[in-house]
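Architecture at a glance
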Amino acid sequence: MKRILIGLLILSPMFASAQGEWNQKFEQLGTQLPTANNYRNASGAPGKDYWQQRADYVIDAELNDENQSLTGRETITYFNNSPDQLSYLWLQLDQNMRSKASDTPLITENVVTKAMSGRDIQKISREYDFDGGFKVGEVSDVSGRPLKYIINKTMMRVDLPKPLASGEQVSFNVAWSYNIQDRMPLGGRSGYEYFPKDGNYLYTIAQWFPRMAVYDDVEGWQHKQFLGRGEFALEFGNYKVKLTVPADFVVGSTGELQNASQVLTKAQLEKLAQARKTFDKPVIIVSEEEARKAEKNKSSAKKTWEYHASDVRDFAFAASRKFIWDAQAVQLDTKTPLAMSYYPKEGNPLWEKESTKAVANTLRTYSKHTVEYPYPVAISVHSASIGMEYPMICFNFGRPAEDGSYTDAVKWGMIGVIIHEVGHNFFPMIINSDERQWSWMDEGLDTFVQSLTEKEHYPTKPLKRGEARLIVDYMKGDKEGIRPIMTNSEQILQFGDNAYGKPAAALSILRETIMGPELFDYAFKTYSERWAFKRPSPADFFRTMEDASAVDLDWFWKGWFYTTDHVDLSLSKVKWYKMDIPENEVENKAKKSKKAKISSGESSQSLMDFGDEAETFTFTDTDPAAVSERFAEFMNVTDDKSIMKANADRNFYELTFENKGGLVMPIIIEWTYEDGSVERQYLPAEIWKKNENVVTKVFAKDKKVTNIVIDPNKETADVATENNVFPRMENNSRFDLFQSGGE
Ligand SMILES: [Zn+2]
């Protein structure tokens, strides 16, 4: 009589383990994603009717160094590309977050602690002293007639005399001024730093002009108030900006300098031209010596620097007579942008060595993984204690001690922040996600590519984020203090881990462990290309990553982005079997072990060892009646005898895995054999598709196994590795707990 593998099937207890509670851990996202439409299609790409608004700005502004204020006038031309008619427009007045009427201090919680620093007290009392916020002087149409407007905290509604139809454009003027805050006590993404030793200011200026709020197919008007945390939602447009500053100031800005011959010396112009052709190291355009001289002389004359920028969603600049300026060209596939740095002498010698180099390295790696850097310049400005990004320009910390010495921590911190902030050119300045809503879409994706950049160009730099192992402590923390990644920016707890570390680690796990670099990189680049100069939503990212790779990732997005579950897979039961071969069945085969019929599934083997002998299973005769008809054909071609022979000496290992953390993940198994050799096996996450709590699987091995480890390289962010090992470590104090859990 033919025998088939009925004996083995008995060993595969598909329903032997309790199902446990079913929480759809391995499941499609389904209704959690918005329904696809003609604006955003189901593949995650812009749909056939995708549209976005556009806002062009012509701005004339003056920076007053005497009283640290800024006065400006702008003409905004707003293009209504939406299918909708608009009877009013919303503008963002971010500076009003610093006004005396601001909600921000009112909604900031405080407690009195045993010891309170001056800064703590200042947060409670002094924040109101500064006269911040926009003073809006004029809102008028192109012929100067006043337009009706109302300011609601950080938003301003301009009522149009007649509705703006789809496809139409409207131009209007806004004039304003505001006091620039001292960043040192008051904080902020922009402001000034005062240097008491030489009596000079260094300005990093952003959110400095009334900017159009976003109107789109997802939110309508995105005018969620600016409270300080949730960053910005902005439209693309073209800018023509004239900045009047003291004549001895150097201005670094978004865009391209239009009147270099009017604001630079002949020698500086020559250096700038030389920098455009120099690819190996920065060329000094304004030297430390020149900057030191300007610090002392303090010109009272004025100069106007004119910058133009195309296809940017914002515009920022930095200005100081303290600036040293260097630049070099960067060879990308088709473009050769200028990488540049502006820094006071206080940044040296670190900044002249590392800043522009880091900018160039960032452009190289990001251009490979996303889209080629499209802008003419990329600038890093030295700015104490902050890292903040704008199109083509960013403000970065990292200052040596007064004697010019610096620790590795200062150097790596500075290089890390420069890569991160320059990297923000790609997310969200080009791939224009809504920061006010979703911090992870720019911070998480940027932090992920930052980690790739650091690994490529700075292999000795300690990585802070972007690998699975670096998120374990956060993931295993108290769930009371953890929110899902898919949480509005203002409501996130543990901001850095939530918006930067966890999404970056998740993407790293996708790339290295779940999809593999080839599939991941193509899909990630596809997302970047699809949404460059457009406005992606989370669903567009989730869908594109699947669409371009044919890897079902719904379970991954669901677990990692919509829950606070963590990874804790446990190898909770291991059984070792051999086949019991009756002596009369196979000639010349010695009986391998004593017969011990297993019926209950209970094992005497503990989690501490395999036991001295394998347990056995009986190889039974096949009952043809038990085999359904569709297997009949298979039976006819099954060489039962040879199967028995082939498996007679094999060791059968029945492994039971438990999902204790909630996140379903692939199971990576490392087998160590008696002869010292090692084998890896990878079970895709789909193994959890029917039972998200416990799964059992049998492995037939020629060699005897001495040791089993799951996730041997710690690449899944498993928070409890002690239960990944068999035999369990003797000295594991939590052994009993896991053993009982395993049973
Ligand atoms: Zn960032």
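Residues numbered from 1 in each chain as written. Predicted model: local features only at pLDDT ≥ 70, side-chain atom pairs only at ≥ 80, totals over all residues. Heavy atoms only, no water.

Things to note about the overall build of the protein chain
Counted only if it meets this: By definition, any uninterrupted DSSP run of H or I lasting at least four residues is a helix, any uninterrupted run of E lasting at least two residues is a strand, and each is numbered from the N terminus. Think of it in three bands: with a 1.4 Å probe and only protein chains considered, a residue is buried below 20% of the maximum accessible area for its type, exposed above 50%, and partly exposed in between. Here, Shrake-Rupley sampling with a 1.4 Å probe gives the accessible areas, and only protein chains in the shown set may cover a residue.
Within the protein chain, the secondary structure is distributed over 18 helices and 31 strands. Split into buried and exposed, the 743 residues of the protein chain put 56% on the buried side. Entry remark: accessible area of the protein chain is about 31800 Å², with carbon and sulfur atoms responsible for 50%.

Some remarks on the coordination of the zinc ion
For the record, the criterion: Here the coordinating atoms are restricted to nitrogen, oxygen and sulfur within 2.8 Å of the metal centre, or 3.2 Å for Na, K and Ca, and because water is not among them the sites may look incomplete. Note on geometry labels: four donors, all angles 85 to 135 degrees, give tetrahedral; four donors become square planar and six octahedral when opposite donors are over 155 degrees apart and every other angle is between 65 and 115; remaining cases are irregular.
The zinc ion binds to the protein through His 420 (NE2), His 424 (NE2), Glu 443 (OE) and Glu 443 (OE); the donor distances cover 1.9 to 2.8 Å. Viewed at the metal, the four donor atoms of the zinc ion are separated by angles of 52 to 150°, and the geometry they form is irregular.

Re unusual backbone geometry
A cis amide bond links Phe 427 to the next residue, Pro 428, at an omega of 15°. Mapped onto the secondary structure, Pro 428 falls in helix α9 (residues 425–430). Along the chain, Phe 726 connects to Pro 727 via a cis peptide bond; the corresponding omega equals -5°. Mapped onto the secondary structure, Pro 727 falls in the loop between β31 (725–726) and α18 (735–742). Of note in this structure, Gln 68 is not a glycine but carries a positive phi near 50°. Mapped onto the fold, Gln 68 is located in the loop between β1 (54–64) and β2 (69–79). Of note, Met 392 is a non-glycine position whose phi angle comes to about 70°, a positive value. Secondary-structure assignment places Met 392 in the loop between β22 (388–390) and β23 (393–396).

So, helix α8 (residues 408–423)
To keep it simple, the criterion reads: For a helix, the expected span equals 1.5 Å multiplied by the number of residues minus one.
Here α8 is 16 residues long and its end C-alpha atoms lie 22 Å apart, about the 22 Å a rise of 1.5 Å per residue gives. Residues of α8 that are buried: Lys 411, Trp 412, Met 414, Ile 415, Gly 416, Val 417, Ile 418, Ile 419, His 420, Glu 421, Val 422 and Gly 423.

Structural notes on the packing of helix α12 (residues 495–515) against helix α13 (residues 517–531)
The criterion, for reference: Note on geometry: axes are lines fitted to C-alpha atoms, helical ones only across the stretch in contact, with angles between N-to-C directions running from 0 to 180 degrees. Throughout this description, any angle smaller than 35 degrees is read as roughly parallel, any larger than 145 degrees as roughly antiparallel, any in the 65 to 115 degree range as roughly perpendicular, and the remainder as oblique. Contacts are assigned to residue pairs with any non-hydrogen atoms lying within 4.5 Å of each other. Only Asp, Glu, Lys and Arg are considered charged, only Ala, Val, Leu, Ile, Met, Phe, Trp, Tyr, Cys and Pro nonpolar, and every remaining residue, Gly among them, polar.
Interhelical geometry of α12 versus α13 gives an angle of 135° and a closest axis separation of 7 Å. With respect to α13, the axis of α12 lies oblique. Contacts from Leu 507, Leu 510, Arg 511, Glu 512 and Met 515 of α12 reach α13 at Pro 517, Leu 519, Phe 520, Asp 521, Ala 523 and Phe 524. Among the residues making up the contact of α12 with α13, the classes are represented as eight nonpolar, no polar and three charged.

Focus: the pattern of salt bridges
How we decide: Salt bridges are identified by distance alone: a Lys or Arg side-chain nitrogen within 4 Å of an Asp or Glu carboxyl oxygen.
Taken as a whole, this structure holds 45 salt bridges when the rule is applied. For Lys 162, the salt bridge is made with Glu 168, and the minimal N-O distance between the two is 4.0 Å. Among the residues examined, Glu 168 registers a relative accessible area of 33% and is labelled partly exposed. A salt bridge links Arg 469 to Glu 467, with the nearest nitrogen and oxygen atoms 2.9 Å apart. Here Arg 469 falls in the partly exposed class, since its relative accessible area comes to 48%.

Remarks on the side chain of Asn 259
Inspection of the secondary structure assignment puts Asn 259 in the loop between β15 (256–257) and α4 (260–263). Asn 259 gets classed as buried once you look at its relative accessible area, which sits at 9%. Not counting the four nearest positions on each side in its chain, Asn 259 is found in contact with Thr 304, Trp 305 and Glu 306.

Considering the confidence of the model for the protein chain
How we decide: Think of pLDDT as the predictor's per-residue confidence, scored from 0 to 100.
Residues with a pLDDT of 70 or more make up 89% of the protein chain, whose mean pLDDT is 91. Per-residue pLDDT stays below 50 along residues 587–604; that stretch engages in 30 contacts with residues further than four places along the chain or on separate chains. In the model, residues 732–743 has pLDDT below 50 throughout and makes 18 contacts with residues more than four positions away in sequence or in other chains.

Quick notes on the sheet that holds strand β5 (residues 148–152)
Note the threshold: Whether two strands pair depends on DSSP finding at least two bridges between them.
Pairing within the open sheet is antiparallel, and its four strands lie in the order β5-β6-β3-β10. At either margin of the open sheet sits one strand with a lone partner, and together these are β5 and β10 (211–212). Direction of pairing for strand β3 (residues 86–92) relative to strand β6 (residues 155–164): antiparallel, over a ladder of six bridges. Note that in β6 the partner of Leu 91 across the bridge is Met 156.

Regarding the packing of aromatic side chains
Formally: Pairing of aromatic side chains requires ring centres within 6.5 Å, counting the rings of Phe and Tyr and the six-membered ring of Trp. Pairs whose planes differ by under 30 degrees are stacked, by over 60 edge-to-face, and all others tilted. Criterion for a charge above a ring: Arg CZ or Lys NZ at most 6 Å from the ring centre, at most 35 degrees from the ring normal.
In the structure shown here, the tally under the stated rule is 57 aromatic pairs. Relative to Trp 531, the ring of Tyr 50 has its centre 5.7 Å away and its plane inclined at 80°; by these criteria the two rings are edge-to-face. In this pair, Tyr 50 sits in the loop between α1 (6–11) and β1 while Trp 531 sits in helix α13, placing the two residues 481 residues apart along the sequence. Residues Tyr 50 and Trp 531 agree in their burial class; the two are buried. For the ring pair Tyr 390 and Phe 395, a centre distance of 5.5 Å and an interplane angle of 45° mean the geometry is tilted. Each member of the pair, Tyr 390 together with Phe 395, is buried. The positively charged end of Arg 54 is found above the aromatic ring belonging to Phe 79, 4.2 Å away from the centroid. Between Lys 411 and the ring centre of Trp 412, over which it is positioned, the NZ or CZ distance is 4.3 Å.

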